[in-house]
Amino acid sequence: HVQETDDTEPAMVVIDTTGCDMGEEKDEAGSTRNEGEAMVVKCHLERLLNAGLKEDDVGILTPYNAQVGLLRGLLRETYPNVEIGSVDGFQGREKE
């Protein structure tokens, strides 16, 4: 059973970190990654799972391949069933 909270009500959440001074970095391929944003995502994910969502029901979407790699490295061991991908990887698919 999933608790109804401010975190679980919306089907999709976009977190605007503009002006939060989290420091983006570019990888060797020129793709963007941001550790501060990854930590925000981890905290939000933990709130969703603590409210009763299942890992299989969560998808994390980012426009940057470097951020996909960073998030997978940060989350995969603890949350192996959370799907993490790029915009292109999710395009044309559905996630409840």
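Since this is a predicted model, take the numbers as computed values, not measurements.

Scoring rules and cut-offs
Residues numbered from 1 in each chain as written. Predicted model: local features only at pLDDT ≥ 70, side-chain atom pairs only at ≥ 80, totals over all residues. Heavy atoms only, no water. Buried < 20%, exposed > 50% of the residue type's maximum accessible area, 1.4 Å probe, protein only. Helix = DSSP H or I, 4+ residues; strand = E, 2+ residues; numbered from the N terminus. Contact = heavy atoms within 4.5 Å. Pairing = 2+ DSSP bridges. Right-handed = clockwise from strand over helix to strand, strands pointing away. Polar contact = N/O pair within 3.5 Å; in protein donor to acceptor, adjacent residues only side chain to side chain.

Draft legend 1. Quick peek at helix H2 (residues 65-75). Those residues of H2 that fall on the buried side of the exposure criterion are Ala66, Gln67, Val68, Leu70, Leu71 and Leu75. Buried residues belonging to H2 abut strand S2 (32-33), helix H1 (35-50), strand S3 (59-62) and strand S4 (83-86).

Draft legend 2. The arrangement of the pairing of S3 in detail. Side chains Ile60 and Thr62 project from S3 onto a buried face, and the interleaved Gly59 and Leu61 project onto a face without burial. As judged from the 4 bridges shared by S3 and S4, these two strands associate in the parallel manner. Paired with Thr62 across the strands is Ser86, a residue of S4. For the crossover that starts at S3, traverses H2 and ends in the parallel S4, the hand is right-handed.

Draft legend 3. Seen up close, the side chain of Ser31. You can see Ser31 is positioned in the loop between strand S1 (25-26) and S2. At 3.3 Å, the side chain of Ser31 and the backbone nitrogen of Asn65 are in polar contact. A polar side-chain atom of Ser31 sits 2.9 Å from the main-chain amide nitrogen of Ala66.

Honestly, that's just the spatial picture; any functional story needs more than this.
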